[in-house]
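# Chains, contacts and geometry: an overview
Each chain, written out:
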Amino acid sequence: MYGWIWRHLPGNTYVRALISLVLVLGVVFLLFQYVFPWAEPMLPFNDVTVDNGGGAGAG
């Protein structure tokens, strides 16, 4: 897949590298601005169950 993208980018190696960097930065921006905030409520990382009563140190 990456080879296909690289072959279809215009310009020489330096221009292709610059365009690739811009594409990667664009994808990262879209992920952080739209995809991750949309998916965050569906992830179980905030479902913490801590019981303050009972346990080895209680009493």
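None of these values were measured; they are calculated from a predicted model. (Residues numbered from 1 in each chain as written. Predicted model: local features only at pLDDT ≥ 70, side-chain atom pairs only at ≥ 80, totals over all residues. Heavy atoms only, no water.)

### A short note on the overall build of the protein
Under the convention used in this document: To qualify as a helix, a DSSP run of H or I must reach at least 4 residues; to qualify as a strand, a run of E must reach at least 2; elements of each kind are numbered from the N terminus. Under the scheme applied here, a residue whose accessible area is under 20% of the maximum for its type counts as buried, over 50% as exposed, and between as partly exposed, the area being computed with a 1.4 Å probe on protein chains only. Methods summary: accessible areas were calculated by the Shrake-Rupley approach with a probe of 1.4 Å, and residue burial reflects only the protein chains presented.
Across its full length, the protein holds two helices and zero strands. Looking at the 59 residues of the protein, the share that counts as buried comes to 3%. For the protein, the computed accessible surface area is about 5600 Å², with 69% contributed by carbon and sulfur atoms.

### A word on the layout of surface pockets
Short version of the rule: As defined here, a cavity is a set of points on a 1 Å grid over the protein atoms alone where a 1.4 Å probe fits but cannot get out. A pocket is an open set with protein on both sides within 12 Å along at least five of seven lines, and residues line them when an atom is within 4 Å of a point. Grid points are joined across faces, edges and corners, and a volume is the space filled by probe spheres set on the points. Amino acids are sorted into nonpolar (Ala, Val, Leu, Ile, Met, Phe, Trp, Tyr, Cys and Pro), charged (Asp, Glu, Lys and Arg) and polar (every other residue, Gly among them).
Roughly 160 Å³ of internal volume is contained in the largest pocket. Considering the residues around the largest pocket, the lining is formed by Met1, Tyr2, Ile5, Trp6, Leu9, Ser20, Leu23, Val24 and Val27. Looking at the lining of the largest pocket residue by residue, the class counts come to eight nonpolar, one polar and no charged.

### Regarding the UniProt feature "transmembrane region" (unreviewed entry) in the protein
Selection rule: UniProt positions are given in the numbering used here, feature names are shortened, and annotations may be inferred rather than shown by experiment.
Per the UniProt record, "transmembrane region" (unreviewed entry) is found at residues 14-36. End C-alpha to end C-alpha, residues 14-36 measures 31 Å, and it is 100% helix and 0% strand.

### Considerations on the packing of aromatic side chains
Stated formally: Stacked, tilted and edge-to-face pairs are distinguished by plane angle, under 30 degrees for stacked and over 60 for edge-to-face with tilted covering the rest, among Phe, Tyr and Trp rings (Trp via its six-membered ring) whose centres lie within 6.5 Å.
Enumeration according to the criterion identifies one aromatic pair in this entry. A centroid spacing of 5.1 Å and a plane angle of 90° characterise the contact between Phe32 and Phe36, whose relative ring orientation is edge-to-face. Residue Phe32 and its partner Phe36 are located together in helix α2 (residues 13-39), separated by four residues, close to a single helical turn.

### Quick look at a nonpolar patch on the surface
Heads up, the rule is: Patches here are clusters of residues that have more than 30% relative accessible area and form no salt bridge, with a 9 Å joining cutoff for like charges and a 5 Å cutoff for nonpolar side chains (Val, Leu, Ile, Met, Phe, Trp, Tyr). For this analysis, a salt bridge means a side-chain nitrogen from Lys or Arg found within 4 Å of a carboxyl oxygen belonging to Asp or Glu.
A cluster of nonpolar side chains, namely Val24, Val28, Phe29, Leu30, Phe32, Tyr34, Val35, Phe36, Trp38 and Met42, defines an oily patch on the protein surface of about 1100 Å² accessible area. By the secondary structure assignment, Met42 is in the segment after α2.

### Describing α2
Definition in use: The span you would expect from a helix comes to 1.5 Å times its residue count less one. To get the bend at a residue, fit one axis to the 7 residues ending there and another to the 7 starting there, then take the angle between the axes. Pairs of N or O atoms within 3.5 Å make up the polar contacts considered here, provided that, within protein, one atom can donate a hydrogen while the other can accept it, and that residues adjacent in sequence are counted only when both atoms are side-chain atoms.
Under the 1.5 Å per step criterion, the end-to-end length of α2 is 36 Å for 27 residues, consistent within 8% with the ideal 39 Å. Of all the bends in α2, the greatest measures close to 40° and is centred on Leu31. Its side-chain oxygen placed 3.3 Å from the backbone nitrogen of Tyr14, Asn12 serves as the N-cap of α2.

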